[in-house]
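Survey of secondary and tertiary structure
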Amino acid sequence: MRNIAFVIVTALIVSPAMARTPVKIGDQVIVNKATLGCPKLSDMRRVLELSAIQQDEDAALKFAERQGCRQILAGTVRLVEKSGRPNIIVDCMRPIGEPDCFWIARLRLTVVEPVDYDPFRR
């Protein structure tokens with residue numbers, strides 16, 4: 001999990017414009033690279049603050065584990081449930097069939113089925 005948190009934080013600092021992948025509530029997305037997800041937005045913010053701003057990766061990882069943050073594997077299909085608003089670079093997504101969402105950085109996502117997708121429409 002240590003490498004995942006570092007990769008997320010580095011990517012968010014280096015290229016915030018890339019993190020603004022257009023996603024909408026209801027979109028199905030796929031996770032491109034393993035990443036970290038937290039059950040609360042405030043927890044994800046704190047992980048990023050500890051790791052990126054204070055550069056204390058050990059504290060960030062201990063906090064993440066204590067708060068129930070998880071490794072989200074590449075290839076996982078998720079449903080966007082809550083948005084962090086346009087100026088925030090994370091959204092809350094849950095795996096299809098699971099009840100809980102986790103806040104994940106947008107730059108790790110690709111939309112596979114937009115919210116207005118209708119498989120029966122021709």
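Here goes a summary of the coordinates provided. (Residues numbered from 1 in each chain as written. Predicted model: local features only at pLDDT ≥ 70, side-chain atom pairs only at ≥ 80, totals over all residues. Heavy atoms only, no water.)

**So, the pattern of salt bridges**
Side-chain pairs of opposite charge can arise whenever the charged atoms involved come near each other. Scanning the entire structure with this criterion turns up three salt bridges. Where R46 meets E49, a salt bridge forms, and the shortest distance between an N and an O atom there is 3.0 Å. Placement of the pair is R46 and E49 together in helix α2 (residues 41–53), with a separation of three residues, close to one helical turn. R94 serves as the salt-bridge partner of E81, at 2.5 Å between the closest nitrogen and oxygen. Of this pair, E81 sits in strand β4 (residues 77–83) while R94 sits in strand β5 (residues 90–95), and the two are 13 residues apart along the sequence. Residue classification places E81 among the partly exposed residues on the basis of a relative accessible area of 29%. (Salt bridge = Lys/Arg side-chain N within 4 Å of Asp/Glu carboxyl O. Helix = DSSP H or I, 4+ residues; strand = E, 2+ residues; numbered from the N terminus. Buried < 20%, exposed > 50% of the residue type's maximum accessible area, 1.4 Å probe, protein only.)

**Focus: a nonpolar patch on the surface**
A cluster of nonpolar side chains, namely V77, I96 and V112, defines an oily patch on the protein surface of about 220 Å² accessible area. Looking at where I96 falls in the secondary structure, it is placed in the loop between β5 and β6 (102–105). (Patch = residues over 30% accessible without salt bridge, like charges linked within 9 Å, V, L, I, M, F, W, Y side chains within 5 Å. Areas by Shrake-Rupley, 256 points an atom, 1.4 Å probe, with all protein chains shown as cover.)

**What to know about unusual backbone geometry**
One non-glycine residue, Q55, adopts positive backbone phi at about 50°. Structurally, Q55 can be placed in the loop between α2 and α3 (57–66). Under the relative-accessibility criterion, Q55 is labelled exposed at 66%.

**Overview of the pairing of β5**
In terms of burial, β5 is largely enclosed, as six of its six residues are buried. Here β5 shows no split at all, with V90, C92 and R94 on one side and D91, M93 and P95 on the other all buried. For β4 and β5, the ladder comprises five bridges, and the chain directions are antiparallel. Bridging across to β5, S83 finds its partner in D91. The pairing of β5 with β6 spans four bridges and is classified as antiparallel. (Pairing = 2+ DSSP bridges.)

**Quick look at the packing of α2 against α3**
Relative orientation of the contacting elements α2 and α3 amounts to 165°, with a least axis distance of 7 Å. Regarding the angle of α2 to α3, the classification is roughly antiparallel. Seen along the crossing, α2 lies across α3 with a hand that is left-handed. Contacts from D43, R46, V47, L50 and S51 in α2 reach E57, A59, A60, F63 and A64 in α3. Per-class residue counts for the contact of α2 with α3 are six nonpolar, one polar and three charged. (Axes fitted to C-alpha atoms, helices over the stretch in contact; angles between N-to-C directions. Parallel < 35°, antiparallel > 145°, perpendicular 65-115°, else oblique. Left-handed = near helix turned anticlockwise from the far one by under 90°. Contact = heavy atoms within 4.5 Å. Nonpolar A, V, L, I, M, F, W, Y, C, P; charged D, E, K, R; others polar.)

**Observations concerning the sheet that holds strand β1 (residues 28–31)**
Strand order in this open sheet of five strands is β6-β5-β4-β1-β7, and the pairing throughout is antiparallel. The open sheet terminates on both sides in strands that have one partner only, identified here as β6 and β7 (109–113). The sheet shows a mean angle of 50° between the axes of neighbouring strands, direction not considered.

**Let's talk about the state of the cysteines**
Applying the stated criterion to the full structure yields two disulfides. With a sulfur-sulfur separation of 2.1 Å, C38 is cross-linked through a disulfide to C69. A torsion of 105° about the S-S bond marks the disulfide between C38 and C69 as right-handed. A residue pair is termed long-range when its members are at least 10 positions apart, and C38 in the loop between β2 (35–37) and α2 and C69 in the loop between α3 and β3 (70–72) qualify at 31 residues. For the pair shown, C38 and C69 are each scored as buried. The residue that forms a disulfide with C92 is C101, at a sulfur-sulfur distance of 2.0 Å. On the sign convention where negative is left-handed, the bridge of C92 and C101, at about 95° about the S-S bond, is right-handed. Across the pair, C101 and C92 agree in class, each one buried. Here the disulfide map of the protein reads 1-2, 3-4, the bonded cysteines being numbered as they appear in the sequence. (Disulfide = S-S within 2.5 Å.)

The analysis is restricted to geometry; functional conclusions fall outside its scope.
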